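Each chain is listed here by its residues.
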Amino acid sequence: MSKAQQGTAIVTGASAGLGKIYADRLARRGYDLVLVARRGDKLAALADTLRATYGVQARPFVADLSQAADVERLAALIREDDGITMLVNNAGVSVMGTTATADPAKLVWQQAINVDAVTRLSLAALPTFIERDRGTLVNVSSVLGFGFLPPSAFYSAGKGHVANLTRALQNEVQGTNVRVQLVAPSATATDIWDAAGIPLSTMDPQIVMNAEDCVDAALAGLDLGEQVTFPSVEDGQLWKNFEEAAAKLFQGAMRGKPASRYRVG
Ligand SMILES: NC(=O)c1ccc[n+]([C@@H]2O[C@H](COP(=O)([O-])OP(=O)(O)OC[C@H]3O[C@@H](n4cnc5c(N)ncnc54)[C@H](OP(=O)(O)O)[C@@H]3O)[C@@H](O)[C@H]2O)c1
(Lines give C-alpha, C1' and ligand atoms only; values in the text may rest on other atoms or scores of the structure.)
Protein backbone atom coordinates (compact mmCIF):
# COMPACT_ATOMS: atom_id res chain seq x y z
CA MET A 1 0.00 0.00 0.00
CA SER A 2 1.34 3.48 -0.83
CA LYS A 3 2.09 5.96 1.92
CA ALA A 4 -0.87 8.09 0.93
CA GLN A 5 -3.23 5.15 1.39
CA GLN A 6 -2.05 4.11 4.84
CA GLY A 7 -3.72 6.92 6.74
CA THR A 8 -2.98 7.78 10.34
CA ALA A 9 -2.16 5.39 13.16
CA ILE A 10 -2.73 6.29 16.80
CA VAL A 11 -0.28 4.60 19.14
CA THR A 12 -0.91 4.88 22.86
CA GLY A 13 2.09 4.61 25.14
CA ALA A 14 4.35 5.86 22.34
CA SER A 15 6.85 7.63 24.60
CA ALA A 16 8.72 4.43 25.53
CA GLY A 17 8.97 0.68 25.22
CA LEU A 18 6.82 -1.22 22.76
CA GLY A 19 4.78 1.82 21.78
CA LYS A 20 7.84 3.76 20.69
CA ILE A 21 8.86 0.84 18.46
CA TYR A 22 5.32 0.50 17.09
CA ALA A 23 5.45 4.20 16.16
CA ASP A 24 8.78 3.74 14.38
CA ARG A 25 7.67 0.64 12.46
CA LEU A 26 4.34 2.12 11.43
CA ALA A 27 6.02 5.34 10.27
CA ARG A 28 8.42 3.18 8.27
CA ARG A 29 5.36 1.61 6.64
CA GLY A 30 4.14 5.07 5.68
CA TYR A 31 1.56 5.77 8.36
CA ASP A 32 1.20 9.26 9.76
CA LEU A 33 1.26 9.07 13.53
CA VAL A 34 -0.63 10.39 16.52
CA LEU A 35 1.62 9.69 19.50
CA VAL A 36 -0.14 9.38 22.84
CA ALA A 37 1.35 9.38 26.35
CA ARG A 38 1.83 11.68 29.34
CA ARG A 39 5.46 12.71 28.67
CA GLY A 40 5.07 15.34 25.98
CA ASP A 41 8.80 16.01 25.70
CA LYS A 42 9.48 12.41 24.70
CA LEU A 43 6.57 12.42 22.24
CA ALA A 44 7.79 15.67 20.66
CA ALA A 45 11.31 14.27 20.23
CA LEU A 46 9.94 11.07 18.70
CA ALA A 47 7.65 13.03 16.36
CA ASP A 48 10.65 15.06 15.16
CA THR A 49 12.63 11.86 14.52
CA LEU A 50 9.78 10.17 12.63
CA ARG A 51 9.18 13.20 10.45
CA ALA A 52 12.87 13.53 9.64
CA THR A 53 13.49 9.82 9.10
CA TYR A 54 10.39 8.74 7.21
CA GLY A 55 8.84 11.94 5.87
CA VAL A 56 5.52 11.22 7.56
CA GLN A 57 3.38 13.50 9.67
CA ALA A 58 3.65 12.86 13.38
CA ARG A 59 2.11 14.74 16.26
CA PRO A 60 2.13 14.37 20.01
CA PHE A 61 -1.20 13.94 21.79
CA VAL A 62 -0.44 14.42 25.47
CA ALA A 63 -2.97 12.51 27.51
CA ASP A 64 -3.19 10.76 30.84
CA LEU A 65 -5.22 7.66 30.04
CA SER A 66 -6.04 7.13 33.71
CA GLN A 67 -8.25 10.22 33.32
CA ALA A 68 -11.64 9.69 31.69
CA ALA A 69 -11.66 13.20 30.19
CA ASP A 70 -8.37 12.58 28.39
CA VAL A 71 -9.58 9.19 27.14
CA GLU A 72 -12.73 10.87 25.85
CA ARG A 73 -10.65 13.50 23.99
CA LEU A 74 -8.83 10.70 22.20
CA ALA A 75 -12.06 8.80 21.54
CA ALA A 76 -13.50 11.95 19.93
CA LEU A 77 -10.46 12.23 17.64
CA ILE A 78 -10.95 8.61 16.53
CA ARG A 79 -14.61 9.19 15.76
CA GLU A 80 -14.18 12.57 14.06
CA ASP A 81 -10.99 12.23 11.99
CA ASP A 82 -11.73 9.92 9.10
CA GLY A 83 -8.01 9.77 8.28
CA ILE A 84 -7.50 7.53 11.33
CA THR A 85 -7.00 4.00 10.01
CA MET A 86 -5.32 2.29 12.95
CA LEU A 87 -5.40 2.30 16.73
CA VAL A 88 -2.76 0.50 18.76
CA ASN A 89 -3.99 0.26 22.34
CA ASN A 90 -0.57 -0.31 23.82
CA ALA A 91 -0.22 1.99 26.84
CA GLY A 92 -0.10 0.02 30.05
CA VAL A 93 1.29 -0.18 33.53
CA SER A 94 2.06 -3.11 35.78
CA VAL A 95 1.16 -3.10 39.46
CA MET A 96 2.36 -6.26 41.11
CA GLY A 97 1.43 -7.46 44.58
CA THR A 98 -0.85 -9.73 46.54
CA THR A 99 -4.09 -8.70 48.18
CA ALA A 100 -2.05 -8.16 51.35
CA THR A 101 0.66 -6.04 49.76
CA ALA A 102 -0.79 -4.21 46.75
CA ASP A 103 -1.87 -0.60 47.15
CA PRO A 104 -5.62 -0.43 46.34
CA ALA A 105 -5.30 3.06 44.89
CA LYS A 106 -2.60 1.84 42.49
CA LEU A 107 -4.76 -1.10 41.45
CA VAL A 108 -7.62 1.25 40.60
CA TRP A 109 -5.16 3.40 38.63
CA GLN A 110 -3.90 0.32 36.76
CA GLN A 111 -7.48 -0.69 36.01
CA ALA A 112 -8.20 2.75 34.56
CA ILE A 113 -5.27 2.57 32.13
CA ASN A 114 -5.08 -1.14 31.28
CA VAL A 115 -8.81 -1.89 31.20
CA ASP A 116 -11.09 1.16 31.15
CA ALA A 117 -9.11 3.18 28.60
CA VAL A 118 -8.64 0.16 26.29
CA THR A 119 -12.35 -0.61 26.54
CA ARG A 120 -13.41 2.98 25.88
CA LEU A 121 -11.02 3.45 22.95
CA SER A 122 -12.00 0.09 21.40
CA LEU A 123 -15.59 1.22 21.73
CA ALA A 124 -14.77 4.43 19.86
CA ALA A 125 -12.68 2.76 17.17
CA LEU A 126 -14.52 -0.36 16.18
CA PRO A 127 -17.94 0.97 15.11
CA THR A 128 -16.15 3.86 13.40
CA PHE A 129 -13.87 1.52 11.48
CA ILE A 130 -16.77 -0.80 10.61
CA GLU A 131 -18.82 2.11 9.31
CA ARG A 132 -15.87 3.13 7.11
CA ASP A 133 -15.18 -0.53 6.28
CA ARG A 134 -11.54 0.23 6.90
CA GLY A 135 -9.23 0.19 9.90
CA THR A 136 -7.08 -1.87 12.20
CA LEU A 137 -7.46 -2.21 15.95
CA VAL A 138 -4.53 -3.73 17.83
CA ASN A 139 -5.00 -4.42 21.52
CA VAL A 140 -1.89 -5.30 23.50
CA SER A 141 -2.69 -7.80 26.25
CA SER A 142 -0.09 -10.18 27.69
CA VAL A 143 0.59 -13.86 28.10
CA LEU A 144 -0.46 -13.03 31.67
CA GLY A 145 -3.94 -12.46 30.27
CA PHE A 146 -4.05 -16.24 29.86
CA GLY A 147 -2.51 -17.18 33.19
CA PHE A 148 -1.11 -15.70 36.34
CA LEU A 149 1.78 -15.69 38.78
CA PRO A 150 1.31 -15.06 42.52
CA PRO A 151 1.93 -11.28 42.37
CA SER A 152 0.17 -10.70 39.03
CA ALA A 153 -3.46 -11.27 40.04
CA PHE A 154 -4.71 -7.78 39.27
CA TYR A 155 -2.51 -7.22 36.21
CA SER A 156 -3.56 -10.63 34.85
CA ALA A 157 -7.21 -9.85 35.51
CA GLY A 158 -6.97 -6.68 33.47
CA LYS A 159 -5.06 -8.32 30.65
CA GLY A 160 -7.58 -11.17 30.66
CA HIS A 161 -10.30 -8.57 30.15
CA VAL A 162 -8.44 -7.15 27.15
CA ALA A 163 -7.92 -10.65 25.73
CA ASN A 164 -11.56 -11.68 26.04
CA LEU A 165 -12.85 -8.33 24.85
CA THR A 166 -10.63 -8.36 21.78
CA ARG A 167 -11.45 -11.98 20.90
CA ALA A 168 -15.16 -11.23 21.19
CA LEU A 169 -14.89 -8.05 19.11
CA GLN A 170 -13.29 -10.06 16.31
CA ASN A 171 -16.73 -11.57 15.71
CA GLU A 172 -18.08 -8.12 14.90
CA VAL A 173 -15.70 -7.56 11.99
CA GLN A 174 -16.29 -10.80 10.14
CA GLY A 175 -17.08 -10.03 6.51
CA THR A 176 -15.65 -6.51 6.73
CA ASN A 177 -12.27 -5.08 5.81
CA VAL A 178 -11.60 -4.18 9.44
CA ARG A 179 -8.88 -6.08 11.29
CA VAL A 180 -8.73 -6.68 15.03
CA GLN A 181 -5.57 -8.20 16.45
CA LEU A 182 -4.84 -9.34 19.97
CA VAL A 183 -1.15 -9.25 20.88
CA ALA A 184 0.05 -11.22 23.88
CA PRO A 185 3.74 -10.60 24.57
CA SER A 186 5.72 -12.45 27.19
CA ALA A 187 8.55 -10.83 29.18
CA THR A 188 10.04 -8.04 27.07
CA ALA A 189 12.86 -5.68 27.98
CA THR A 190 11.18 -2.35 28.68
CA ASP A 191 10.87 0.07 31.59
CA ILE A 192 7.65 -1.59 32.77
CA TRP A 193 9.58 -4.11 34.86
CA ASP A 194 11.62 -1.67 36.90
CA ALA A 195 8.48 0.43 37.41
CA ALA A 196 6.73 -2.69 38.72
CA GLY A 197 9.51 -3.31 41.22
CA ILE A 198 10.91 -6.32 39.36
CA PRO A 199 14.31 -5.25 37.97
CA LEU A 200 15.03 -6.78 34.59
CA SER A 201 18.49 -7.60 35.91
CA THR A 202 16.93 -10.17 38.26
CA MET A 203 15.27 -12.06 35.40
CA ASP A 204 16.62 -14.94 33.36
CA PRO A 205 17.79 -13.23 30.13
CA GLN A 206 16.79 -16.39 28.25
CA ILE A 207 13.09 -15.60 28.73
CA VAL A 208 13.26 -11.88 27.98
CA MET A 209 12.71 -10.65 24.42
CA ASN A 210 13.91 -7.31 23.14
CA ALA A 211 11.24 -4.74 22.37
CA GLU A 212 12.12 -4.44 18.68
CA ASP A 213 11.72 -8.19 18.10
CA CYS A 214 8.42 -8.20 19.99
CA VAL A 215 6.87 -5.46 17.86
CA ASP A 216 8.33 -6.81 14.61
CA ALA A 217 6.84 -10.24 15.37
CA ALA A 218 3.49 -8.69 16.32
CA LEU A 219 3.36 -6.77 13.03
CA ALA A 220 4.45 -9.85 11.10
CA GLY A 221 1.55 -11.69 12.76
CA LEU A 222 -0.80 -8.92 11.65
CA ASP A 223 0.54 -9.20 8.08
CA LEU A 224 -0.06 -12.96 8.22
CA GLY A 225 -3.70 -12.31 9.12
CA GLU A 226 -3.37 -13.65 12.66
CA GLN A 227 -6.15 -12.65 15.01
CA VAL A 228 -4.06 -13.58 18.02
CA THR A 229 -0.30 -13.15 18.11
CA PHE A 230 1.96 -14.53 20.81
CA PRO A 231 5.32 -13.14 19.65
CA SER A 232 7.42 -15.68 21.56
CA VAL A 233 5.37 -18.87 21.21
CA GLU A 234 7.19 -21.19 18.82
CA ASP A 235 4.59 -23.96 18.62
CA GLY A 236 1.48 -22.44 17.05
CA GLN A 237 -0.43 -25.61 17.90
CA LEU A 238 -0.40 -24.57 21.58
CA TRP A 239 -2.84 -21.75 20.89
CA LYS A 240 -5.06 -24.03 18.78
CA ASN A 241 -5.11 -26.55 21.63
CA PHE A 242 -5.98 -23.79 24.10
CA GLU A 243 -8.88 -22.59 21.95
CA GLU A 244 -10.17 -26.11 21.39
CA ALA A 245 -10.07 -26.85 25.12
CA ALA A 246 -11.90 -23.57 25.85
CA ALA A 247 -14.58 -24.39 23.24
CA LYS A 248 -15.03 -27.88 24.69
CA LEU A 249 -15.39 -26.48 28.21
CA PHE A 250 -17.96 -23.97 26.96
CA GLN A 251 -19.95 -26.68 25.17
CA GLY A 252 -19.62 -28.95 28.20
CA ALA A 253 -21.24 -26.26 30.35
CA MET A 254 -24.36 -26.04 28.17
CA ARG A 255 -26.30 -28.76 30.01
CA GLY A 256 -28.93 -26.95 32.06
CA LYS A 257 -28.44 -29.12 35.12
CA PRO A 258 -25.84 -29.59 37.88
CA ALA A 259 -23.07 -32.06 37.20
CA SER A 260 -23.73 -35.46 38.81
CA ARG A 261 -20.72 -35.15 41.16
CA TYR A 262 -22.63 -32.47 43.11
CA ARG A 263 -25.49 -34.92 43.85
CA VAL A 264 -28.08 -32.15 43.57
CA GLY A 265 -31.74 -33.20 43.33
N1 LIG B 1 7.30 -5.42 28.69
C2 LIG B 1 6.71 -6.60 28.90
O3 LIG B 1 7.32 -7.55 29.42
C4 LIG B 1 5.27 -6.77 28.51
C5 LIG B 1 4.77 -8.08 28.45
C6 LIG B 1 3.43 -8.27 28.11
C7 LIG B 1 2.64 -7.18 27.83
N8 LIG B 1 3.15 -5.91 27.90
C9 LIG B 1 2.26 -4.80 27.62
O10 LIG B 1 2.81 -4.02 26.58
C11 LIG B 1 2.33 -2.68 26.68
C12 LIG B 1 3.49 -1.71 26.58
O13 LIG B 1 4.29 -1.88 27.73
P14 LIG B 1 5.86 -1.59 27.76
O15 LIG B 1 6.49 -2.82 28.23
O16 LIG B 1 6.27 -0.96 26.49
O17 LIG B 1 5.90 -0.54 28.97
P18 LIG B 1 6.72 0.81 29.16
O19 LIG B 1 8.05 0.74 28.51
O20 LIG B 1 6.65 1.09 30.63
O21 LIG B 1 5.86 1.87 28.38
C22 LIG B 1 4.54 2.15 28.78
C23 LIG B 1 3.98 3.25 27.93
O24 LIG B 1 2.65 3.52 28.38
C25 LIG B 1 2.53 4.90 28.65
N26 LIG B 1 1.62 5.14 29.75
C27 LIG B 1 1.69 4.64 31.00
N28 LIG B 1 0.72 5.17 31.77
C29 LIG B 1 0.04 6.03 30.99
C30 LIG B 1 -1.05 6.90 31.21
N31 LIG B 1 -1.65 7.02 32.41
N32 LIG B 1 -1.52 7.63 30.18
C33 LIG B 1 -0.92 7.56 28.96
N34 LIG B 1 0.12 6.76 28.70
C35 LIG B 1 0.59 6.00 29.70
C36 LIG B 1 3.93 5.37 29.00
O37 LIG B 1 4.10 6.74 28.69
P38 LIG B 1 4.14 7.96 29.75
O39 LIG B 1 4.84 7.45 30.97
O40 LIG B 1 4.89 9.00 29.02
O41 LIG B 1 2.73 8.32 29.99
C42 LIG B 1 4.76 4.54 28.03
O43 LIG B 1 4.82 5.17 26.78
C44 LIG B 1 1.57 -2.59 28.00
O45 LIG B 1 0.19 -2.69 27.75
C46 LIG B 1 2.07 -3.82 28.76
O47 LIG B 1 1.12 -4.27 29.71
C48 LIG B 1 4.45 -5.69 28.22
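Everything below is about the structure printed above this text.
A short tour of the structure in this document, coming up. All values derive from a computational prediction rather than experimental measurement.

Okay, the site of the ligand next. Around the ligand lies a shell of 31 residues, among which S15, R38, Y155, T188 and T190 are the nearest. For the ligand, a nitrogen atom lies 2.8 Å from a polar atom in the backbone of L65. Between the ligand and T188 there is a distance of 2.7 Å, counted from an oxygen atom to a backbone nitrogen or oxygen. With the chains in place, 96% of the 890 Å² that the ligand exposes on its own is no longer accessible.

Attention now goes to the nonpolar core. Within the largest apolar cluster, 32 residues are counted, with the highest numbers of intra-cluster contacts made by Y22, L26, L33, L35, L50, M86 and V88. The set of elements that each furnish at least two residues to this core consists of β1 (8-12), α2 (17-28), β2 (32-37), α3 (40-54), β4 (84-89), β5 (135-140) and α8 (211-223). The residues touching L35, leaving out its near neighbours within four places in the chain, are V11, A14, A23, L43, L46, A47, L50, A58, R59, P60 and F61. Of all hydrophobic cores here, the second largest spans 25 residues; its members include L65, L87, A117 and L169.

Next up on the list: the packing of aromatic side chains. This model, assessed by the stated rule, comprises five aromatic pairs. Look at F146 and F230: their rings are 5.2 Å apart centre to centre, the planes differ by 55°, and that puts the pair in the tilted class. Of this pair, F146 sits in the loop between β5 and α6 (153-172) while F230 is found in the loop between β9 (228-229) and α9 (237-253), placing the two residues 84 residues apart along the sequence.

Now for the environment of T101. By the secondary structure assignment, T101 is in the loop between β4 and α5 (104-132). With 50 residues separating them in the primary sequence, T101 and P151 have C-alpha atoms 9.1 Å apart.

Unusually for a residue other than glycine, D133 sits at a positive phi of about 50°. Inspection of the secondary structure assignment puts D133 in the loop between α5 and β5. With phi around 50°, R263 is a residue other than glycine that occupies positive phi space. Looking at the secondary structure, you find R263 in the segment after α9.

What follows concerns the environment of G19. You can see G19 is positioned in helix α2. For the pair G19 and V215, spaced 196 residues apart in the sequence, the C-alpha separation amounts to 8.5 Å. Once you skip the residues sitting within four places of it in the chain, G19 turns out to touch V11, T12, G13, A14 and N90.

Parameters at a glance
- Residues numbered from 1 in each chain as written.
- Predicted model: local features only at pLDDT ≥ 70, side-chain atom pairs only at ≥ 80, totals over all residues.
- Heavy atoms only, no water.
- Near = heavy atom within 4 Å.
- Polar contact = N/O pair within 3.5 Å; in protein donor to acceptor, adjacent residues only side chain to side chain.
- Areas by Shrake-Rupley, 256 points an atom, 1.4 Å probe, with all protein chains shown as cover.
- Core = buried A, V, L, I, M, F, W, Y, C linked by side-chain atoms within 4.5 Å.
- Buried < 20%, exposed > 50% of the residue type's maximum accessible area, 1.4 Å probe, protein only.
- Helix = DSSP H or I, 4+ residues; strand = E, 2+ residues; numbered from the N terminus.
- Contact = heavy atoms within 4.5 Å.
- Phe/Tyr/Trp six-rings, centres within 6.5 Å; stacked < 30°, edge-to-face > 60°.

Geometric values such as these leave the question of function open.
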